Amino acid sequence: MKKYIFIFLTGLSFSAVQAQEIRDALRYSQDNLNGTARYRAMSGAFGALGGDLSSLNVNPAGSAIFLNNQFGVTLNNVSNKNDSDYFGNKTTEKDNNFNINQAGGVFVFNNQRTNSNWKKFSIGVNYENANNFNNSTYSAGTNTTNSIDGYFLSYADGVPLQVLEDNSYRNLNNNDQQAYLGYNAYIINPASNDQNETLYNSNVPGGGSFYQQNAERSEGYNGKLSFNAATSYKDKLFIGLNLNSHFTDYRRFSSFYEINDAPLSTDYTITDVRFDNELYTYGSGFSFQLGAIAKVTNELRAGLAYESPTWYRLNDEFTQDLFTTTSSSTGPDRGNPLADPKITNVYDVYKLQTPSKVTGSLAYIFGKSGLISVDYAIKDYSKTKFKPENDAYYTSLNNSMGDLLDNTSELRIGAEYKIKELSLRAGYRYEQSPYKNESTIGDLTGYSGGLGYNFGSTKVDLSYAYAERSTQQGFFTQGFTDGANINNISNNVSLTFLFEL
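What counts and how
Residues numbered from 1 in each chain as written. Predicted model: local features only at pLDDT ≥ 70, side-chain atom pairs only at ≥ 80, totals over all residues. Heavy atoms only, no water. Helix = DSSP H or I, 4+ residues; strand = E, 2+ residues; numbered from the N terminus. Contact = heavy atoms within 4.5 Å. Areas by Shrake-Rupley, 256 points an atom, 1.4 Å probe, with all protein chains shown as cover. Lys, Arg positive; Asp, Glu negative; His and termini not counted. Charge placed at Lys NZ, Arg CZ, Asp CG, Glu CD. Buried < 20%, exposed > 50% of the residue type's maximum accessible area, 1.4 Å probe, protein only. Pairing = 2+ DSSP bridges. Patch = residues over 30% accessible without salt bridge, like charges linked within 9 Å, V, L, I, M, F, W, Y side chains within 5 Å. Salt bridge = Lys/Arg side-chain N within 4 Å of Asp/Glu carboxyl O. Polar contact = N/O pair within 3.5 Å; in protein donor to acceptor, adjacent residues only side chain to side chain. pLDDT = per-residue confidence, 0-100. Core = buried A, V, L, I, M, F, W, Y, C linked by side-chain atoms within 4.5 Å.

> I keep staring at the overall build of the protein chain and nothing clicks. Help me out?
Summing up its helical and strand segments, the protein chain has six helices and 23 strands in all. In terms of its C-alpha atoms, the protein chain occupies a principal-axis envelope of roughly 95 × 45 × 35 Å. In the protein chain, of all internal contacts separated by at least 6 residues, the share reaching a separation of at least 24 is 75%. Carbon and sulfur atoms make up 54% of the accessible area of the protein chain, which amounts to about 21300 Å² in all. The positive charge centre, built from 40 side chains, and the negative charge centre, built from 50, are 14 Å apart in the protein chain.

> Teacher, can you tell me more about unusual backbone geometry here?
Leaving glycine aside, a negative phi is the common case for residues, and trans is the common case for peptide bonds. Cis geometry is found at the peptide bond from Lys387 to Pro388, where omega equals 10°. Secondary-structure assignment places Pro388 in the loop between strand 18 (385-387) and helix 6 (392-404). Despite not being glycine, Tyr186 has its phi angle at roughly 65°, a positive value. Position of Tyr186 relative to the elements: it lies in the loop between helix 5 (174-184) and strand 7 (188-190).

> Please clarify how the pairing of strand 13 (residues 311-326) should be interpreted in this entry.
Most of strand 13 sits inside the fold, with twelve of its 16 residues counted as buried. Bridge count for strand 11 (residues 270-295) against strand 13 is 16 bridges, and the pairing is antiparallel. The residue bridging Arg274 from the neighbouring strand is Phe323, located in strand 13. One ladder, built from four bridges, connects strand 13 with strand 15 (residues 350-353); its direction is antiparallel. Of the residues in strand 15, the one forming a bridge with Trp311 is Gln353.

> Help me out: how do you make sense of the environment of Asp348 in this one?
Summarising the element assignment, Asp348 is placed in the loop between strand 14 (345-347) and strand 15. Residue Asp348 is classed as partly exposed on the basis of its relative accessible area of 45%. Once the C-alpha coordinates of Asp348 and Tyr186 are considered, the two residues, 162 residues apart in sequence, prove to be 31 Å apart.

> What should I look at first to understand a nonpolar patch on the surface in this one?
Among the surface-exposed residues, Val125, Phe227, Leu241, Leu243, Phe286, Leu290, Leu304, Tyr306, Trp311 and Val358 lie close enough to one another that they form a single nonpolar patch of about 850 Å² accessible area. Elements with a minimum of two residues in the nonpolar patch: strand 10 (237-260), strand 11 and strand 12 (300-307). By the secondary structure assignment, Leu290 is in strand 11.

> In this structure, what is going on with helix 5? I would like to understand it.
Every α-helical turn comprises 3.6 residues, leaving residues that sit three or four positions apart pointing alike. The element helix 5 is extensively covered by neighbouring structure, given that ten of its eleven residues are classed as buried. For helix 5, every residue scored as buried is listed here: Asn174, Asp176, Gln177, Gln178, Ala179, Tyr180, Leu181, Gly182, Tyr183 and Asn184. Its side-chain oxygen placed 3.1 Å from the backbone nitrogen of Asn175, Asn173 serves as the N-cap of helix 5. Tyr186 lies just past helix 5 and shows a positive phi near 65°.

> I tried to follow the side chain of Ser136 on my own but got confused; where do I start?
Here Ser136 shows up in strand 6 (residues 135-143). A residue is classified by how much of its surface remains accessible, and Ser136, at 8% relative accessible area, is buried. Ignoring anything within four residues of it in the chain, the contact list for Ser136 reads Asn82, Glu93, Asp95, Glu216 and Arg217.

> I'm lost on the confidence of the model for the protein chain in this one. Help?
Any segment with low pLDDT has predicted coordinates that should not be analysed in fine detail. Looking at the protein chain as a whole, the pLDDT averages 90, with 92% of positions reaching at least 70. The spread of mean pLDDT over the elements of the protein chain runs between strand 2 (residues 13-15), the lowest at 49, and strand 12, the highest at 98. Considering only residues more than four positions removed or in separate chains, one finds that residues 329-340, a stretch of pLDDT under 50, has 26 contacts.

> For this particular structure, what's the right way to read the nonpolar core?
A general tendency of soluble globular proteins is for nonpolar side chains to be buried together. Membership of the largest hydrophobic core comes to 34 residues, with the highest contact counts inside it found for Ile148, Phe152 and Ile187. Contributions of two or more residues to this core are made by helix 3 (149-156), helix 4 (161-166), helix 5 and strand 11. Residue contributions to this core peak at five residues, all from helix 3. Apart from residues no more than four positions distant in its own chain, Ile148 is found in contact with Gln212, Phe256, Glu258, Val273, Phe275, Phe476 and Phe480. Residues Leu26, Tyr28, Tyr350 and Phe386 belong to the second largest nonpolar core, which totals 21 residues.

Here it is in structure tokens:
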């Protein structure tokens, strides 16, 4: 006879202990290439060009390039394909979603004083979905070495048995909660029944192999609302400022399953495990941008822009459930397993500071027939910080990010060629890995293309963008850190409608 143990945690609880990880910091530090179809078709290389609503996100001086008032909205379809390789077993998961990616407008005010060197002033408001979190991965394979028991053992060792027996899940910090789950689901056993015992053994039998599955699904967005102001000096120098409001809503659901084929040796020997986790993060942030564009000659333009760190205030809610199956239940029972406490961990509000970014740009304009543009950006991910910095956990996490993350560069190249009212566009994008090892998250390579048609006061643009990046992250961050090699391919189609007044 087999015994089934189910630990289910929903409901509400409060905890002051943090559960943030490096992957959480990178989620809000990395921006996807989103915006108008023209911007995407040229891979975002607009730092020295301006004149596009999404160019404001690279260089806020770009709004002063506009000749007339303009309003636009962009519809977007994103398709993700994730190819996973886990111990030689290959799986594929696909995800597709549709959204309104961008909406905004720019108002241009020409100076009526013709003898003034300040020729015009512009203000703009633009919303963009800076990052779309909708994505799914599925990995499965046979692990001949490691079991998920290592995860629970890593949290349990050092925790007195009395802490796990005399407390409920609700009253424990995050680390002890993981040990509590493993203990009450019979995955781990204390080395002795001494209430001060701090050593634990696995109840998962060795000598066999472990078939493991990990499914992960995320959804949500990271939105950015920019309030822009810019001016033009002698129509040679353009200067701009953005004040940005950020807001995020993110959910991640993960389910890990393991079954082993080892011989069953003792009572309560674990035969299979299912471990589910759900993270919900929401909050807001602020950043600013400064930028300038100079007309070196009538054909050559140069741009320089600075984007400040984004200062976030974030909230986390976290739930877990654990289901295990044991072999025989004839041995002495050590008490009732956890009886559906229905708990959601609601953590204290915390702060995250993402790294700043500097972008240098050059563009060459071939009269009215076309242009080519290059952007080069630098961002130091090792400067990412959780706050308050005097918190012991955040100090350790910040030190880890300083050791593991790197100063990176990004190259974007875009070109446009006009045939009367028709515009043809193409672009290339390369972004370095934020990790020094370049394997946890790999380099990103992207290509894009598109076209646009000018109907006069109305313009329609269409773009296609392709991006590819590989990752190799563990399913869990400690104890059991095996993970799949995942190659992500993103296909993006955008359609923009622009109206000039």
